[in-house]
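Structure assessment
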Amino acid sequence: MSRRRLATRAELLIRASAHLALASALAVALAGCVPPPGPEPTASTAPPSARPSETAEPTAAPTETAEVELFFAVSHPTDIDLIPETHELEVESDGSAIEAALAAITEGAIAPTDPDYANLWRDVPLNGVEREGAVLRVDLGGLLQGVGAEAETVAIEQLVWTATDIEPGIRALTFTVDGDVVETLGGHVDARGEFARGLAESTLSPLQIDTPAQGSTVTSPLRASGLACVFEATFGWELLQGGMVLEEGSAMSEEACPARAPWSLDLGPRQPGEYTLVITEYSMKDGSVASTDSKTFTVSGT
């Protein structure tokens, strides 16, 4: 059964060589037809030299680097959830990290590092944001395309959770498109109200690996950690190399759901090479896979 939350839910989520050659040939041909230059003008008859216009090159606004949590979508057998990833963004010195983060998501300018995650937005310009007390108005330059009802809900949650994580003083987001209130952003969810965070246990992925990070290089002995919100605080894990299971077992978070609690796992000394850690939540009803998270990383030889 679906665990979701924000508004309504429906089904699951269901991309100038010839001209240059011609120009070059033409330039060569014309060069042979240019008449020889006339005599140099004398000092008394030479017109005043025309100074080329000195147009200043536009200077890029100075930027700063901000490390932020961006929220992406992750699909599980019965649900689509949110999961955070840490990214570094360039923020103009007179801009805001929130605006840079939301623009990176809606414009599709940034993709999750983990290939199992997805950004549900693409090619939607961000016109700007305006804060009114604890509410942030987000003005978009277009609409969501090609998403179902659940994916539209999760896409909105991407922006809500990203903005409120960067600035906890923001309580909710409202949306306009080119300055106008619209009925819906993607055809399914009423977009005329305020959107606040839902409950973490029904919005965020039940399992999350924080370390090792996807694509990272770590040292031996190997230690993993993250967050979990699972039944009886228990989940399974497997350590793989080359597609083969090297070791498996079960682990526990510090608290059971609805708490989203830390967990850690000591995986001992490991030889240099590439590994994949997979953690799995099993359904308390029938033992089927309910959710997973995985990370592929390298253990260095030093």
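Quick look at the structure, then. None of these values were measured; they are calculated from a predicted model. (Residues numbered from 1 in each chain as written. Predicted model: local features only at pLDDT ≥ 70, side-chain atom pairs only at ≥ 80, totals over all residues. Heavy atoms only, no water.)

To continue, consider the overall build of the protein chain. Scanning the protein chain for helices and strands turns up four helices and 15 strands. The buried share among the 302 residues of the protein chain stands at 39%. Summed over its atoms, the accessible surface of the protein chain is roughly 16900 Å², and 54% of this surface lies on carbon and sulfur atoms. (Helix = DSSP H or I, 4+ residues; strand = E, 2+ residues; numbered from the N terminus. Buried < 20%, exposed > 50% of the residue type's maximum accessible area, 1.4 Å probe, protein only. Areas by Shrake-Rupley, 256 points an atom, 1.4 Å probe, with all protein chains shown as cover.)

A few words now on the side chain of Ser300. Its place among the elements puts Ser300 in the segment after strand 15 (289–299). Apart from residues no more than four positions distant in its own chain, Ser300 is found in contact with Thr217, Val218, Thr219 and Pro272. (Contact = heavy atoms within 4.5 Å.)

Moving on: the nonpolar core. Trp121, Leu173, Phe175 and Leu185 are the most contacted members of the largest nonpolar core, which totals 47 residues. Within the residue set of this core, elements represented by two or more residues are strand 1 (63–76), strand 2 (79–92), helix 2 (97–106), strand 5 (135–140), helix 3 (149–166) and strand 6 (172–177). Per-element accounting of this core gives the leading share, eight residues, to helix 3. Among all residues touching Leu173, those that are not within four sequence positions of it are Leu136, Val138, Leu159, Val160, Ala163, Gly193, Glu194 and Phe195. Membership of the second largest hydrophobic core comes to 19 residues, among which are Leu207, Ala224, Val230 and Val299. (Core = buried A, V, L, I, M, F, W, Y, C linked by side-chain atoms within 4.5 Å.)

A few words on helix 3. Because each turn of an α-helix spans 3.6 residues, side chains separated by three or four positions in sequence point in the same direction. Here helix 3 contains 18 residues, and its C-alpha end-to-end distance of 26 Å stays within 8% of the 26 Å for a straight helix at 1.5 Å per residue. Burial within helix 3 is extensive, with 16 of its 18 residues counted as buried. (Expected span 1.5 Å × (residues − 1).)

Relative to the helices and strands, Ser291 resides in strand 15. It is 8.5 Å that separates the C-alpha atoms of Ser291 and Ile279, two residues lying twelve residues apart in sequence. Filtering out sequence-adjacent residues up to four positions away, Ser291 remains in contact with His76, Pro206, Leu207, Ile279, Thr280 and Glu281. In this structure the side chain of Ser291 is engaged in a polar contact, spanning 2.6 Å, whose partner is the side chain of Glu281. (Polar contact = N/O pair within 3.5 Å; in protein donor to acceptor, adjacent residues only side chain to side chain.)

Attention shifts here to the state of the cysteines. Per the counting criterion, the structure on display carries one disulfide. Between the sulfur atoms of Cys229 and its disulfide mate Cys257 the distance is 1.8 Å. Between Cys229 and Cys257 the sulfur-sulfur dihedral comes to about 65°; the bridge is accordingly right-handed. Placement of Cys229 in the loop between strand 10 (222–228) and strand 11 (234–241) and of Cys257 in the loop between strand 12 (244–252) and strand 13 (261–268) is noted, with a sequence separation of 28 residues between them. Of the residues examined, Cys229 reaches a relative accessible area of 7% and is grouped as buried. (Disulfide = S-S within 2.5 Å.)

Within the open sheet, the four strands sit side by side as 4-5-6-7. Their pairing is mixed. Taken across any chain shown, the strands that pair with only one partner, and hence form the sheet edges, are strand 4 (126–132) and strand 7 (195–196). The sheet contact formed by strand 4 and strand 5 spans six bridges and is antiparallel. Note that in strand 5 the partner of Leu126 across the bridge is Leu140. Against the sheet, helix 2 contacts strand 4 and strand 5, and its axis sits at roughly 140° relative to strand 4. Along the sheet, helix 3 makes contact with strand 5, strand 6 and strand 7, crossing strand 6 at roughly 130°. (Pairing = 2+ DSSP bridges. Axes fitted to C-alpha atoms, helices over the stretch in contact; angles between N-to-C directions.)

Moving on, we come to the environment of Val182. Along the chain, the position of Val182 falls in the loop between strand 6 and strand 7. In sequence terms Val182 and Leu143 are 39 residues apart; their C-alpha atoms lie 9.7 Å from each other. Residues within four places of Val182 in sequence aside, it is in contact with Val177, Ala191 and Arg192.

Let's shift gears to the packing of aromatic side chains. Under the definition given, this model contains four aromatic pairs. For the pair Phe71 and Trp161, a centre-to-centre distance of 5.8 Å together with 55° between the ring planes defines the contact as tilted. One end of the pair, Phe71, is in strand 1; the other, Trp161, is in helix 3, with 90 residues separating them in the sequence. Here Phe71 falls in the buried class, since its relative accessible area comes to 3%. Among the residues examined, Trp161 registers a relative accessible area of 5% and is labelled buried. Taking 5.8 Å as the distance between ring centres and 65° as the angle between the ring planes, the aromatic pair formed by Phe175 and Phe195 counts as edge-to-face. With Phe175 in strand 6 and Phe195 in strand 7, the pair connects residues that are 20 residues apart, well separated along the chain. Residue Phe175 is classed as buried on the basis of its relative accessible area of 2%. (Phe/Tyr/Trp six-rings, centres within 6.5 Å; stacked < 30°, edge-to-face > 60°.)

Note that every value here comes from positions in space, so none of it alone points to a role or purpose.
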